[in-house]
Amino acid sequence: MPVHVRLLPAPPDTGYVFRRTDLGGFEIPATVESVAHCGYAMTLMRTGVMLSTVEHLLSAFIGVGIDNAIVELDNLELPILDGSARPFVEMIQKAGIRRQRKSRTYLRIVREIELREGDKFIAVYPADAYSVSYSINFPHPLIGKQSFCVRLTNGSYLKEIAPARTFGFLHEADAMRQQGLIRGASIENAIVLNRDEVLNPPLRFQDEFVRHKVLDLIGDLALLGKQILGSVVADRAGHAMHTALVSRILRDRSYWEETALEDETAVPTLASAASLSA
Ligand SMILES: [Zn+2]
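First, a word on what this report is: a plain description of the structure on this page. (Residues numbered from 1 in each chain as written. Predicted model: local features only at pLDDT ≥ 70, side-chain atom pairs only at ≥ 80, totals over all residues. Heavy atoms only, no water.)

**Things to note about the overall build of the protein**
This is how the line gets drawn: What counts as a helix is a DSSP run of H or I of at least four residues, what counts as a strand is a run of E of at least two, and both are numbered from the N terminus. Classification of residues uses two cut-offs on accessible area relative to the type maximum, computed with a 1.4 Å probe and protein chains only: under 20% is buried, over 50% is exposed, and between them is partly exposed. The contact rule is simple, with two residues in contact once any of their heavy atoms fall within 4.5 Å. Values of accessible area rely on a 1.4 Å probe in the Shrake-Rupley scheme; residue burial ignores everything except the protein chains shown. Counted as positive: Lys and Arg. Counted as negative: Asp and Glu. His and the chain ends are not counted at all. The atom standing in for a charge is NZ when the residue is Lys, CZ when it is Arg, CG when it is Asp and CD when it is Glu.
Counting its secondary structure elements, the protein contains six helices and 19 strands. Viewed in the frame of its principal axes, the protein has a C-alpha envelope of about 50 × 40 × 35 Å. When burial is assessed residue by residue, the protein has 54% of its 278 residues classed as buried. Pairs at least 24 residues apart make up 77% of the contacts formed inside the protein by residues separated by at least 6 positions. For the protein, the accessible surface area stands at approximately 12300 Å², while carbon and sulfur atoms represent 50% of it. Placing the 30 positive and 33 negative side-chain charges of the protein at their respective mean positions leaves the two points 3 Å apart.

Written out as structure tokens, the structure reads:
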């Protein structure tokens, strides 16, 4: 079924709000209270209305630096497109960025938080800018151990993170389709691997897998509702742990403070609307 997506400007303090135009404009805010479940993709839900696969678009918003936006769509799942955030970045760039006259606030981490679950780990530490350091270890000859660190400044998201595609294993693809999680999953919208090779080369980066995990993390942490000033470290985490970190941060005000930066006195939103159909 085709889906039409439209990105619209929004006033300061809106955050990211999804609007189901097929359901009379029912709104679902991208907040941690709306998170329904996180398996392969993040799903939001409000009074029974669902919205799935939101993390790549949210990641693009944070990566480009958009604080407020309305996202209209007429289906229950955002299109996966090429499996990366690049098409969403291009959409945002097409709409343009406008600065609203209100001081931009950040969520500054002031105390470290570390969460562990078996061999999975996620933490956030105080820092002057948003950075992510991610490690994965997949028992696959082409993935194995990969680590990637990025500081989200000066367009590094656009060059180093946005193009990284999601990946899946051939033996999992059928199970995912059966659960209806990835509509029409194919070599067009994911890196597909069998036991020892990539079925649709070339990779966009030799370490595209871990870069995509960074992309997902940035999207999941967008549920904080503000740009972060902090250094996030993750090891073999996933959507559930990313979201657990968000809940943990928001639950206790002593871990963070709202702060404005001197050189940033305006809040960025979209300058106009942009749409795509898939
Ligand atoms: Zn993803």
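**Examining the coordination of the zinc ion**
Going by this rule: The donor set covers N, O and S atoms within 2.8 Å of the metal, switching to 3.2 Å for Na, K and Ca, and it leaves out water, so a site may look short of donors. Labels for metal geometry use angle windows, namely 85 to 135 degrees for all angles of a four-donor tetrahedral site, and for square planar (four donors) or octahedral (six donors) sites opposite donors over 155 degrees apart plus all others within 65 to 115; sites meeting none of these are irregular.
Around the zinc ion, the donor atoms from the protein are H56 (NE2), H212 (NE2), D216 (OD) and D216 (OD), and they sit 2.1 to 2.8 Å away. Around the zinc ion, the four donor atoms are arranged such that angles at the metal cover 52 to 150 degrees; this shape is classified as irregular. For the zinc ion, the donor residues sit on a single chain with the sequence spacing H-x155-H-x3-D. Of the two residues, H56 sits in helix 1 (residues 55-64) while H212 sits in helix 5 (residues 208-221), which places them 156 residues apart along the sequence.

**Some words on the pairing of strand 13 (residues 144-151)**
Applied cut-off: Here, strands pair whenever DSSP counts at least two bridges between them.
Alignment of strand 12 (residues 130-138) against strand 13, held across eight bridges, turns out to be antiparallel. Each residue of the ladder has a partner; that of Y134, found in strand 13, is F148. Adjacent in sequence and paired antiparallel, strand 12 and strand 13 are bridged by five residues.

**Remarks on the nonpolar core**
Using the following cut-off: Take the buried Ala, Val, Leu, Ile, Met, Phe, Trp, Tyr and Cys residues and link them wherever side-chain atoms come within 4.5 Å; each set so joined is a nonpolar core.
Within the largest apolar cluster, 74 residues are counted, with the highest numbers of intra-cluster contacts made by F18 and F61. Sorting elements by how many residues they give to this core places helix 5 first, with seven residues. Apart from the residues within four sequence positions on either side, F61 is in contact with L7, Y16, I66, A69, V71, I92 and Q227.

**A look at the packing of aromatic side chains**
Rule in force here: Two rings belonging to Phe, Tyr or Trp (six-membered ring only in the last case) form a pair when the distance between their centres is within 6.5 Å. Interplanar angles under 30 degrees mark stacking, angles over 60 mark edge-to-face geometry, and anything in between is tilted.
With the rule as written, the count across this model stands at five aromatic pairs. Aromatic side chains Y16 and F61 sit 5.0 Å apart centroid to centroid with 5 degrees between the ring planes, which places their arrangement in the stacked category. Of this pair, Y16 sits in strand 2 (residues 16-20) while F61 sits in helix 1; the two residues are 45 residues apart in sequence, bridging distant segments of the chain. Taking relative accessible area as the criterion, F61 reaches 0% and is therefore assigned buried. Where F138 meets F169, the ring centres are 6.0 Å apart and the plane angle is 40 degrees; that geometry is what we call tilted. Separated by 31 residues along the polypeptide, F138 in strand 12 and F169 in strand 14 (residues 167-169) bring together distant segments of the chain.

**Quick word on the pairing of strand 10 (residues 113-117)**
In summary, the side chains of a regular strand alternate between the two faces of the sheet. With five bridges joining them, strand 10 and strand 11 (residues 120-125) adopt antiparallel strand pairing. The residue of strand 11 that forms the bridge with E114 is A123. From the end of strand 10 to the start of strand 11, which pair antiparallel, there are two residues, and G118 there has a positive phi angle of about 65 degrees.

**Observations concerning the side chain of R20**
Heads up, the rule is: Nitrogen and oxygen atoms within 3.5 Å of one another constitute a polar contact, given that in protein one can donate a hydrogen and the other can accept it, and given that sequence-neighbouring residues count only through two side-chain atoms.
Along the chain, the position of R20 falls in strand 2. With relative accessibility at 7%, the residue R20 sits in the buried group. For R20, the side chain forms a polar contact with the side chain of D22, separated by 2.9 Å. For R20, the residues in contact, after removing those within four places along its chain, are G25, F26, V49, M50, L51, L73, N75 and L76.

**Observations regarding the packing of helix 1 against helix 2 (residues 86-95)**
So the rule is basically this: Lines fitted to the C-alpha atoms define the axes, with helices restricted to the stretch that makes contact. Angles between their N-to-C directions range from 0 to 180 degrees. Should an angle fall under 35 degrees it is called roughly parallel, over 145 degrees roughly antiparallel, and 65 to 115 degrees roughly perpendicular, with every other angle called oblique. Working rule for handedness: look at the near helix, and if it is turned counterclockwise from the far one by less than a right angle, call the crossing left-handed; if clockwise, right-handed. Gly counts as polar in this scheme, as do all residues outside two lists: the nonpolar Ala, Val, Leu, Ile, Met, Phe, Trp, Tyr, Cys and Pro, and the charged Asp, Glu, Lys and Arg.
Running from amino to carboxyl end, helix 1 crosses helix 2 at an angle of 50 degrees, the nearest separation of the two axes being 9 Å. Classed by the angle they form, the pair helix 1 and helix 2 counts as oblique. Every pair of crossing elements has a handedness; the one defined by helix 1 and helix 2 is right-handed. Residues H56, L57, A60, F61 and V64 of helix 1 pack against F88, V89 and I92 of helix 2. Its residues assigned to classes, the contact of helix 1 with helix 2 comprises seven nonpolar, one polar and no charged.

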